[in-house]
Amino acid sequence: MTSLTFVSLLLASSTVWRWIWATNLILLSLDHLSTGLLGVFAPRTALRIYRGLFGIQFPESPEIIAVLKPWGALAVFAALATIFPIVDPLRYRGVLVALLVLLILRILIRFSARATATAVFGLSSRRNVWHIALIALCALLIATELLSI
């Protein structure tokens, strides 16, 4: 009886873990898809939304608008690639590794460029730390799944 209870708990915790892990990837994908599509098809609107979401003050210039389109396309690519491991993490572990590297690079960039981001874009330290923590949580969930497959 004890072993059946243990197995039931193990299966339940595994199911809960899969839901948490999949929700992380779904939200990460939706974030990249929505912000990416905005960058590609409505860059001026994207700037306004990015200001609110990320707490930075992009100057609206032709150069920024020109950069937002390919940046948005890369975000759409990341969003679509994120979907595959939800279905089969073992088969698409390479995608998980690539996502993990992307998130680690984003953390390193946010951390190393924090003074510049504050001076140039008006990003508050508190907002930057919040985003670093959120990115780190996503990365931790992906890394944990990679270690378990």
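Note that the structure is a prediction, hence the values are computed from the model and not measured. (Residues numbered from 1 in each chain as written. Predicted model: local features only at pLDDT ≥ 70, side-chain atom pairs only at ≥ 80, totals over all residues. Heavy atoms only, no water.)

Caption draft 1: Molecular detail of the overall build of the protein. Helix and strand counts for the protein come out as 6 helices and 0 strands. Scanning the protein from its N terminus toward the C terminus, one meets helices and strands in the order α-α-α-α-α-α. Along the three orthogonal principal directions, the C-alpha set of the protein runs to about 65 × 30 × 20 Å. Each of the 149 residues in the protein was classed as buried or not, and the buried ones make up 33%. Once local pairs closer than 6 in sequence are excluded, the contacts in the protein between residues at least 24 apart make up 69%. Accessible surface computed for the protein: about 9400 Å², of which carbon and sulfur atoms make up 76%. For the protein, the distance from the average position of its 12 positive side-chain charges to the average position of its 5 negative side-chain charges is 5 Å. (Helix = DSSP H or I, 4+ residues; strand = E, 2+ residues; numbered from the N terminus. Buried < 20%, exposed > 50% of the residue type's maximum accessible area, 1.4 Å probe, protein only. Contact = heavy atoms within 4.5 Å. Areas by Shrake-Rupley, 256 points an atom, 1.4 Å probe, with all protein chains shown as cover. Lys, Arg positive; Asp, Glu negative; His and termini not counted. Charge placed at Lys NZ, Arg CZ, Asp CG, Glu CD.)

Caption draft 2: How the structure looks around the environment of I142. Here I142 is to be found in helix α6 (residues 125-148). Residues I142 and F84 lie 58 residues apart in sequence; the distance between their C-alpha atoms is 13 Å. Every residue in contact with I142, bar those within four places of it in the chain, is listed here: W21, N24, L25, L28, L96, L99, L100 and L103.

Caption draft 3: A look at the pattern of salt bridges. The final tally for this structure, using the stated rule, is 2 salt bridges. Of the charged contacts, one joins E145 and R18 as a salt bridge, the two residues approaching to 3.3 Å between their closest N and O atoms. Placement of E145 in helix α6 and of R18 in helix α1 (residues 2-41) is noted, with a sequence separation of 127 residues between them. The closest approach of N and O atoms between E60 and R44, which form a salt bridge, is 3.1 Å. Of the two residues, E60 is situated in the loop between α2 (43-54) and α3 (62-87) and R44 in helix α2; the sequence distance between them amounts to 16 residues. (Salt bridge = Lys/Arg side-chain N within 4 Å of Asp/Glu carboxyl O.)

Caption draft 4: Looking closely at helix α4 (residues 93-112). Along its 20 residues, α4 runs 28 Å from first to last C-alpha, staying within 8% of the 28 Å computed at 1.5 Å per residue. Buried within α4 are the following residues: L96, L99, L100, L103, I107 and R110. When α4 is viewed along its axis, its buried side chains cluster within an angular range of 100 degrees and face the same direction. Turned more than 90 degrees away from the buried face of α4, the exposed residues are G94, I109 and S112. (Expected span 1.5 Å × (residues − 1). Arc of directions from axis to C-beta.)

Caption draft 5: Spotlight on the packing of aromatic side chains. This structure, assessed with the given rule, holds 3 aromatic pairs. With centroids separated by 5.7 Å and ring planes inclined at 55 degrees, the aromatic side chains of Y50 and F54 adopt a geometry described as tilted. Of this pair, Y50 and F54 both sit in helix α2, 4 residues apart, which is roughly one turn of the helix. With a centroid separation of 5.3 Å and an interplanar angle of 40 degrees, the aromatic rings of F84 and Y92 are classed as tilted. Among the residues examined, Y92 registers a relative accessible area of 24% and is labelled partly exposed. Three or more aromatic residues joined by ring pairs make a cluster, and in this case those are Y50, F54 and W71. For the cation-ring pair, R114 lies above F111, with the distance from its terminal atom to the ring centre recorded as 4.1 Å. (Phe/Tyr/Trp six-rings, centres within 6.5 Å; stacked < 30°, edge-to-face > 60°. Lys NZ or Arg CZ within 6 Å of the ring centre and 35° of its normal.)

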